[in-house]
Amino acid sequence: MVREGTVSVDRRTVGFADFGPPDGEPVIWCHGGPGSRLEPTQTEAAAASAGLRLIGIDRPGYGLSTPQPGRSIAGWATDAIAVADELGLGEFAAVGVSTGGAYALALAALREQRVTGVVVCCGLTDMAWSGARDGMPRLGTMTVWEAESREEALAASAELWGEDGSSMPAPERPLAPADMALFSDATWLQGAMATAAARWTFGVQGYTDDRIADGGGWRSFEVGRIRCPVLVVHGGADSMVPVAHARHTAAIVPGARLQVYEDDGHISVIRHVVPALTELISSRDADADASS
């Protein structure tokens, strides 16, 4: 069951979708780029079985959320907290998928009293790192980072996705076999289509502003402020975000642990998110019992 809604933040609308049991362990889900609040659909059943309540939030320019040109990674924490407060959440875990990885980490760095743990799955690392751009796709990614204005960046994104996001670009590199297998899975495909259908309300603005925000690196927040447990999960066969990103993230986030699944790619590795969350929560509860 999914419950959808919106909140108002600084005269902007922020959309969210609330999955799973209302009394479940709350988890803020930071979607990929492009993505939408409905991305947790693909793990909804497994999460509910594990007692997890996943809350997907549209970043500005996606789905129900008003575009916010010039936004930063750190600035999105305000939207996440507004949704958490609307839903009456105190503490919560966070998941960041692909582009969303940085947003989950920023939330933990800036709201350390609220975030109990983070899973970064197939995430981009700090793009200020010298090796970060090696192996990244050029069209729609490097071309946006190299653009001299937002207008030029929007045009670069539209070349990849179409003006209204209706194009489905072929990957520059072959997907991992584990990724390709998902396209014959009817349940997964239905969730992927729902996610995609919800994301392009404002054309390519959300995607473009994602790339502009992460292109300069993580300068809007300090990873050194993160105090909660962090698991970095990545596919060894990821052809979209090289596994080197995960290794770098695990090296710079205090206390982070790295789990690489050699046969998984950028999409199939998401199946490990729910087990990773369960591990984090169990470890947290064990630590709490030990200290009581």
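Since we're looking at a predicted model, the values are computed, not measured.

Would you explain the state of the cysteines in this entry?
Working definition of a disulfide: a covalent bond connecting the sulfur atoms of two cysteines. All told, the structure shown has 0 disulfides when counted by the stated rule. Cysteine Cys228 is unpaired, with the sulfur of Cys30 as its nearest cysteine sulfur at 12 Å. According to the relative accessible area criterion, Cys228 is buried, its value standing at 11%.

I tried to follow the packing of aromatic side chains on my own but got confused; where do I start?
The description of two aromatic rings rests on the distance between their centres and on the angle between their planes. For the coordinates displayed, the defined rule picks out 5 aromatic pairs. Ring centres 5.9 Å apart and planes at 90° place the aromatic pair Trp76 and Tyr103 in the edge-to-face group. In this pair, Trp76 sits in the loop between strand 4 (52-57) and helix 2 (77-86) while Tyr103 sits in helix 3 (residues 100-110), placing the two residues 27 residues apart along the sequence. An angle of 45° between the planes, with centres 5.4 Å apart, marks the rings of Trp161 and Trp200 as tilted. You can see Trp161 sitting in helix 5 (residues 150-161) and its partner Trp200 sitting in the loop between helix 7 (186-199) and helix 8 (205-215), a full 39 residues away along the chain. Trp200 sits in the buried class, given a relative accessible area of 14%. Counting every residue linked through ring pairs, the aromatic cluster contains Trp161, Trp200 and Tyr207. Across from the ring centre of Tyr103, 4.5 Å away, lies the NZ or CZ of Arg59, which sits over that ring.

Would you mind showing me how to read empty space enclosed by the protein here?
Sizing a probe to match a water molecule and rolling it over the atoms shows the empty space that remains. Tallied over the full model, the rule gives 1 cavity of 30 Å³ or more. In this model, the largest cavity occupies a volume close to 30 Å³. Forming the walls of the largest cavity are Ala93, Thr116, Gly117, Leu280, Ile281 and Arg284. Grouping the amino acids of the lining of the largest cavity by side-chain chemistry returns 3 nonpolar, 2 polar and 1 charged.

Explanation requested: the pairing of strand 5 (residues 92-97) in the structure shown.
Walk down a regular strand and you will see the side chains alternate between the two sheet faces. Taken across its 6 residues, strand 5 has 6 buried, putting it largely inside the fold. Residues of strand 5 alternate between two faces, with Phe92, Ala94 and Gly96 on one and Ala93, Val95 and Val97 on the opposite face, all of them buried. Pairing geometry for strand 3 (residues 25-30) and strand 5, over 4 bridges, is parallel. Residue pairing across strands places Ile28 opposite Ala94, the latter belonging to strand 5. The sheet contact formed by strand 5 and strand 6 (residues 115-121) spans 5 bridges and is parallel.

In this structure, what is going on with helix 9 (residues 243-252)? I would like to understand it.
If you check which residues of helix 9 are buried, you get Val243, His245, Ala246, His248, Thr249 and Ala250. Buried residues along helix 9 sit in contact with helix 3, strand 7 (230-235) and strand 8 (257-261).

Conventions used here
Along each chain, residues carry numbers from 1 onward, in the same order as the chain's sequence is written. Where local features are concerned, this predicted model is filtered to residues with pLDDT of at least 70; where side-chain atom pairs are given and counted, the filter is 80 or more; whole-chain, interface and lining totals use all residues. Side-chain metrics in this entry use all non-hydrogen atoms of the structure; hydrogen atoms and water are not considered. Pairs of cysteine sulfur atoms within 2.5 Å are identified as disulfides in what follows. Exposure classes here rest on a 1.4 Å probe applied to the protein chains alone. A residue is buried below 20% of its type maximum, exposed above 50%, and partly exposed in between. Pairs were defined over the aromatic rings of Phe, Tyr and Trp, the Trp ring being its six-membered one, requiring ring centres within 6.5 Å. Orientation was assigned from the angle between planes: stacked under 30 degrees, edge-to-face over 60, tilted for the rest. Elements are defined by DSSP. Helices are runs of H or I of four residues or more, strands are runs of E of two residues or more, and each kind is numbered from the N terminus. Either the NZ atom of lysine or the CZ atom of arginine qualifies as a charge over a ring when it sits within 6 Å of the ring centre and within 35 degrees of the ring normal. Only protein atoms enter the 1 Å grid used here, on which a cavity is any set of points holding a 1.4 Å probe that cannot leave and a pocket is any open set flanked by protein within 12 Å on both sides along at least five of seven lines; residues with an atom within 4 Å of a point are listed as lining. Grid points are joined across faces, edges and corners, and a volume is the space filled by probe spheres set on the points. Any residue outside Ala, Val, Leu, Ile, Met, Phe, Trp, Tyr, Cys, Pro, Asp, Glu, Lys and Arg is labelled polar, Gly included; the first ten of those are nonpolar and the last four are charged. Here, strands pair whenever DSSP counts at least two bridges between them. In what follows, residue pairs with any heavy atoms lying within 4.5 Å of each other are defined as contacts.

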